[in-house]
Each structure stands twice: as C-alpha cells, then as structure tokens.
Amino acid sequence: MGKKLVMLPAKDVDLSTVDYHCESIKAPKLTGFTLKLFVWLIELPIIGPWLLSSLKERNKFTQMLQNTVIPETPMFRPEFPPQEPEPGVILMDEDGAPVVRAESALECLPPCDPNRHSGNGSPGSFLYWTIRDYAHAYRFRRVTPSMVAEHVISYVEESKNKKVPNRLLISFIAEDVRKQAMASTRRFEEGRPLSVLDGIFMAIKDDIDCFPHPTRGATTWFHEVRSVNEDAVCVSRLRSCGVIFVGKANLHELGLGTTGNNPNYGTVRNPHSNERYTGGSSSGPAAIVSSGLCPAALGTDGGGSNRIASSLCGVVGTKTTYGRTDMSGALYDCGTVEVIAPIASTVEDAMLVYAAMSGSSLEDRICMKPLPPSLPCLSSSDSSNIVGSLRFGKYTEWFNDVYSTEISDKCEDVLHLLSKTYGCQIAEIVLPELQEMRNAHLVSMGSEQMSCLNPHCIDGKGAELTLDSRIDLAVYRAFTAAEYVSAARIRRRIMYYHMEAFKKVDIIVTPTTGITAPKISASSLKYGESDLEVSGYLLRFIQSANLLGFPAITVPVGHDKQGLPIGLHLMGRPWGEATLFRAASVVEELCLRFRNRPSAFCDILGRCEQ
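All values derive from a computational prediction rather than experimental measurement. (Residues numbered from 1 in each chain as written. Predicted model: local features only at pLDDT ≥ 70, side-chain atom pairs only at ≥ 80, totals over all residues. Heavy atoms only, no water.)

Caption draft 1: Layout of the overall build of the protein. Across its full length, the protein carries 24 helices and 17 strands. Reported as C-alpha extents along the three principal axes, the dimensions of the protein are approximately 75 × 50 × 50 Å. Considering only contacts within the protein whose residues lie at least 6 apart along the sequence, 80% involve residues at least 24 apart. Accessible area of the protein: about 23000 Å², with a carbon and sulfur share of 54%. One finds the centroid of the 62 positive side-chain charges in the protein at a distance of 3 Å from the centroid of its 68 negative side-chain charges. (Helix = DSSP H or I, 4+ residues; strand = E, 2+ residues; numbered from the N terminus. Contact = heavy atoms within 4.5 Å. Areas by Shrake-Rupley, 256 points an atom, 1.4 Å probe, with all protein chains shown as cover. Lys, Arg positive; Asp, Glu negative; His and termini not counted. Charge placed at Lys NZ, Arg CZ, Asp CG, Glu CD.)

Caption draft 2: Just empty space enclosed by the protein, in detail. Scanning all chains against the criterion turns up 4 cavities of 30 Å³ or more. Taken as a whole, the largest cavity holds about 80 Å³ of empty space. When grouped by side-chain class, the residues that make up the lining of the largest cavity number 5 nonpolar, 3 polar and 2 charged. Lining the second largest cavity we find T318, K319, T320, P342, Y354, P551, A552, I553, E577, L580 and F581. Put simply, the parts of the chain that give the lining of the second largest cavity at least two residues each are β9 (316–319), β16 (552–559) and α23 (577–591). (1 Å grid on protein atoms, 1.4 Å probe; cavity = no way out; pocket = protein on both sides within 12 Å on 5 of 7 lines; lining within 4 Å. Points joined across faces, edges and corners; volume = space filled by probe spheres on them. Nonpolar A, V, L, I, M, F, W, Y, C, P; charged D, E, K, R; others polar.)

Caption draft 3: Seen up close, the sheet that holds strand β13 (residues 425–428). Strand order in the open sheet formed by 11 strands is β5-β7-β6-β8-β10-β9-β16-β17-β14-β12-β13, with mixed pairing between adjacent strands. A single partner strand is all that each edge strand has here, and the edge strands are β5 (169–171) and β13. Ignoring strand direction, the axes of neighbouring strands in this sheet form an average angle of 35°. Where strand β12 (residues 391–394) meets strand β14 (residues 507–511), 2 bridges bridge the pair, whose relative direction is parallel. If you follow G393 over to β14, its bridge partner there is I508. (Pairing = 2+ DSSP bridges. Axes fitted to C-alpha atoms, helices over the stretch in contact; angles between N-to-C directions.)

Caption draft 4: Focus on the pattern of salt bridges. Going through the model one piece at a time under the given rule, you end up with 31 salt bridges. A salt bridge links R492 to E79; the nearest nitrogen and oxygen atoms lie 3.4 Å apart. Pair noted here: R492 is in helix α19 (residues 481–501) and E79 is in the loop between β3 (68–69) and β4 (89–91), with a separation of 413 residues, a long-range link. Taking the relative accessible area as the measure of exposure, E79 reaches 40% and is therefore partly exposed. K461 is the partner of E464 in a salt bridge, and the nearest nitrogen-oxygen pair spans 3.7 Å. Given a relative accessible area of 17%, K461 falls into the buried group. Beyond isolated ion pairs, a larger network of salt bridges with shared partners links E72, E433 and R493. (Salt bridge = Lys/Arg side-chain N within 4 Å of Asp/Glu carboxyl O. Buried < 20%, exposed > 50% of the residue type's maximum accessible area, 1.4 Å probe, protein only.)

Caption draft 5: Layout of helix α2 (residues 47–58). Look at α2: 16 Å from first C-alpha to last across 12 residues, which is about the 16 Å you get at 1.5 Å a residue. Every buried residue of α2 is listed here: G48, L51, L52 and K56. All buried residues of α2 project into a common sector of 135° when viewed along the axis, lining one side. Facing away from the buried side of α2, by more than 90 degrees, are the exposed residues W50 and R58. Those residues of α2 that are buried lie in contact with α1 (32–42), α3 (61–65), α18 (467–477) and α19. One or two steps after α2, the chain reaches K60, where phi turns positive at roughly 65°. (Expected span 1.5 Å × (residues − 1). Arc of directions from axis to C-beta.)

Caption draft 6: Focus on the packing of helix α6 (residues 145–161) against helix α7 (residues 174–189). Where α6 contacts α7, the axes come no closer than 7 Å and their chain directions differ by 160°. On the basis of their axis angle, the class for α6 and α7 is roughly antiparallel. Where α6 crosses over α7, the two elements pack in a sense that is right-handed. In this structure, α6 uses P145, S146, A149, E150 and I153 to contact α7, whose residues at the interface are A174, V177, R178, A181, M182, S184, T185 and F188. (Parallel < 35°, antiparallel > 145°, perpendicular 65-115°, else oblique. Left-handed = near helix turned anticlockwise from the far one by under 90°.)

Caption draft 7: Representation of the pairing of strand β17 (residues 565–572) within the structure. Most of β17 sits out of view: 8 of its 8 residues are buried. The alternating pattern of β17 places P565, G567, H569 and M571 and I566, L568, L570 and G572 on opposite faces, both of which are buried. As paired strands, β16 and β17 are joined by 7 bridges and run antiparallel to one another. The residue bridging V555 from the neighbouring strand is L568, located in β17. Hairpin connection, β16 to β17: the antiparallel pair is bridged by 5 residues, and G563 has positive phi, about 80°.

Caption draft 8: Main features of the layout of surface pockets. Empty space within the second largest pocket amounts to approximately 610 Å³. If you trace the second largest pocket, you find 28 residues lining it, with P110, E348, S585, E588 and E589 closest to the centre. The set of elements that each furnish at least two residues to the lining of the second largest pocket consists of α12 (347–357), α14 (383–388) and α23. Sorting elements by how many residues they give to the lining of the second largest pocket places α23 first, with 5 residues.

Written out as structure tokens, the structure is:
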C-alpha cells in the first residue's frame, strides 16, 4: 500500500525550496517483432491491465494521481483571470469578415522589399517566399495562380515517386487544385482579387475537414465512419479569402505520436535531412512549409504537434490561446487542450493566416470572455520600444535540460542578442511541479481523445490502427475517472504557478524541443515504433501551453553541427498572441543569418518567374 502524500496549497509553496529534477525516461525502443509482442501482451484481458498498472506505478502516476491529496478544486478546462490589453496593437473585429481581418494584418506589417531575394541560397542569405511575395507577383502579372498550381502538382507527384518517397499529402486531387487556381487567376485578370491571401496555396492537416477531401486522421478507415460534407470553420474562413487548398497533409496516425511515423501512408521525411523525422503529429504540414511547397499550412496542436514539427523542420509553428479559434470541423472538436493554428515559413505569414482564420465559437465567447483578437503594429515607429520593454522569463535548470547543449547554447545566444540589441530583460523564474504537469496533460489529452475514439474502437476499428497507436489507446483506456479529476486539480495548481510568473514576466522562454530531428530507423517504417525516450525530449518544454491553454510560438534560430534546425519557444499570457508575434518577429529578424536552405527545397515561385 503506497503512502499517502499531502500537497501544500499552491499559494503556500515556497519557490526558493523548489528543486528541479531532470526528466530521465528509461524505456526500450520497440520496433518490429518486439513492438508486436508488446501490443499483443498489453491487449490481453488479464496480463494487459496488470502490465499497464505496473507501468503507471513505475512512472509515479499512481502516486501522483491516486495516493496524493490535492487541495485545489478541479479545473476541467482552462480558466483565465482578466487580462490587460496589449500595447501597440490593432484590434480585429471577431465578427468581421475574414477578408477585412486579413487586410488589418497587412496594415500591421512593415514595407516589403521585393528585391530582397537576390542571392537567395548563398550562406546566410536564405529567405522563404512569403505570402506577400506571391501576392506581389500575381498583381504585377509576373505569375498566375494557375502557373504555380502546375509546379505544385508536379512537385507532389515527384515526391511520391522518388526512390525514397515522401508522402506529404494523404488526399490530393490535381484537378481540384487546378480548378481553384483557375478561379483565382480569373479574379486577378479581372482586377478583383479577394484579399492578400487570394491565390495562396495551403495544405490542411488530415484531422481538419476540407471538402471535398475525406478526413482520415491518417488512418485507413476513419473516413468510413465520419463523412465530410463541408469545410471546417477555419478552412471556410480562409477559402473566403481566396486561399487555394492543395489537399490533406500527412500526420502521425490520429495525432497520437510525436515523431510523424506513419506506416499507413509512409513516414514524412524532414526537408533538412531525408533520414530524419519531421516531428509530429503535424508532420505533413510542417514538411510542406519547410520544403517551400506552400508558404503556410493549418495544423492542430494538442500536445505540441504544430510546434514540435515546426521546430524540427525549421519553420514557424503557432498555438493560439484555447478558445481563440473555432474548432468546429476538427476530428477532436470537444477537448480542452487542442487548437487549430497556422504553421508558416515566416512570422508575418503566420500573422496573416491567423488574422483570417481566428474567431471564437459562440460557446467559448460566453464561457471564456476572450479579449478581442489583435495583432502587433510592426510598422509603427514605437514597435522597437515596446520590444525593449518585454520581460522574458527563464527557468534555467529546465531551459538546460536538453539532450545536447548545442540546443540550449543556441537559444541562450538568442536571449543575449535580445538583451544586447533591444535591452530586453531576462529574468529568472521557477515553475514547480513540471512532472505533475506532464502527467496531468497526458491524462487530460488521452482521456479526451479516448472519448472521441472509443465508440469506433468498441466496434472493432481499434484493431486496424497502427501498433504504436494501439499502445497509446491502451494506456488512455487505463486512466480512471479519479485520475482525470486529480489531473484537473493539478491543472489549477499549475495555472496558479504560471500566472504568478506572468506577474513578473511577459513571456516564458525555453528551447522548443530537447532534441533535434531524430533518425528514422528502417525497422520502424513498416510497423512503426515506440520510443518513449525520444518522445520525452520532444515534449519536454511544450505541454504546459496545452494543459493551461496559453498561446505559444516556435521560431527557428539556427542549426546544430549536423545542420538540423533548432527552435526557440515563446509562451505568453492568455489572449496574448500579439505580444508573441511581436517578440517572434524580432527573434526571426535577429536569426535570419543563421537560417539554412533545406536540402529538399522546391523554389516554386522562382521556377515560375524563370
């Protein structure tokens, strides 16, 4: 019988006595026969529950969530105290047309130099083509959306047919892409483009509805039990701005993994190294943006999915405040940790897409009372002064808990640059109970995903999932109602600690991941794999934003000695997207000279202009 533990109320915890414990995950990597054997054992009627109980005991789940008295009342979804408006921002009308919001975002941006791409590709000079670059080319008739469409279609087909195929898209209809592009081309010829996003090509992660494509969630069967008759709300908003959707992007099956491994459709390859993972679960969207195929994509982020993949692929990945965007039309549309948010090649592109797609559902507006969505006015002369007033919070022991010091050193260098260039204050903070936070997030996310998937699993569809997904669902099925309530109590404690930190700082900063892109083992391609040590490093810094509902963003800041991207993670106050975009824009500018061209890069706009 375990000894009962009693937690102090969060407000009585003395932060000066808090010790950081480096997370050490010791678990074998399972692939091939050993993976199949483990799944067989964990699904057996008697042995499976015993094995799961042992795993929970070893990882202190039982001690934390069953044998501990937690004094706080449960917080079943993020609850935010009232927030002060952000300085130097442009407010957007939540009920306004997406086209109008996109125009507001455009006004926030500094002037665009169309000649800045000269010499692109030489060391220290690589720049992605942005949404404004495409819009400029269209308006001056140098290129048409139909011309771009043919290059996009050609690249997608080439990727599938390579010796080592890269299955970026699960659902792709070339004629539908041509049809959308032709309509956009006609609008430009008639001088009536819908918005700056007209003719911009985007991919949609395959757990978000985008008609006429089915939503499979990267399974082999989900489209059979869930039909798609219309766009998700966020997709509909972007379509009204003239966005061209290239198809449904690949992902880790049902969003249940962190690497992007998918035996069903093929594992997406990292554009910076063909033998490396993209990270996940938003593997396809991040790789598509990183490879230059599209300047932006939509992904979902319930456990770092957008930010992990974006960091490993060297692009910008966002997670909005919980409740900021309408989740209608997503596979998991009723949880408390997941949001739909953009992945983009640059911060400004993320801002443009965010502006067009944002807007809370009516239910969330009633319950959560969000501040109006806003964007930083980066074109203002006062923007630098606002940046200089920002305070960045760093929990040093957590910050340095990485696989290689190359990651923490690179991120530390960026903080020094911020301080030296703008005078930003870097303050030390302490965030207690991070392991408790991770467990609470896993129980919350897993229980919510299980509630969506369980009816289909009971019908026998669970047996058709990949092996690592079946392990995850077996673990989630083992969570009890009591553990879910305990996780909600812990959520309130962690919310208290973070909101106390935000009284002293504006942004909490860490590396995005504790490891750069891991290698893809040949044995994992057919049956998948389970590698908890790698997952632990990938998840180390990002789960609190999901559990607590805070906005966050990852910005590429350089590469390790193997040329693999490193990301800096910024997490802000509730409804504080504008402050994050402002800080991320500055970080991006400071680190442009450290950004390398991906080895698998498709220069779509450059080819069209030749």
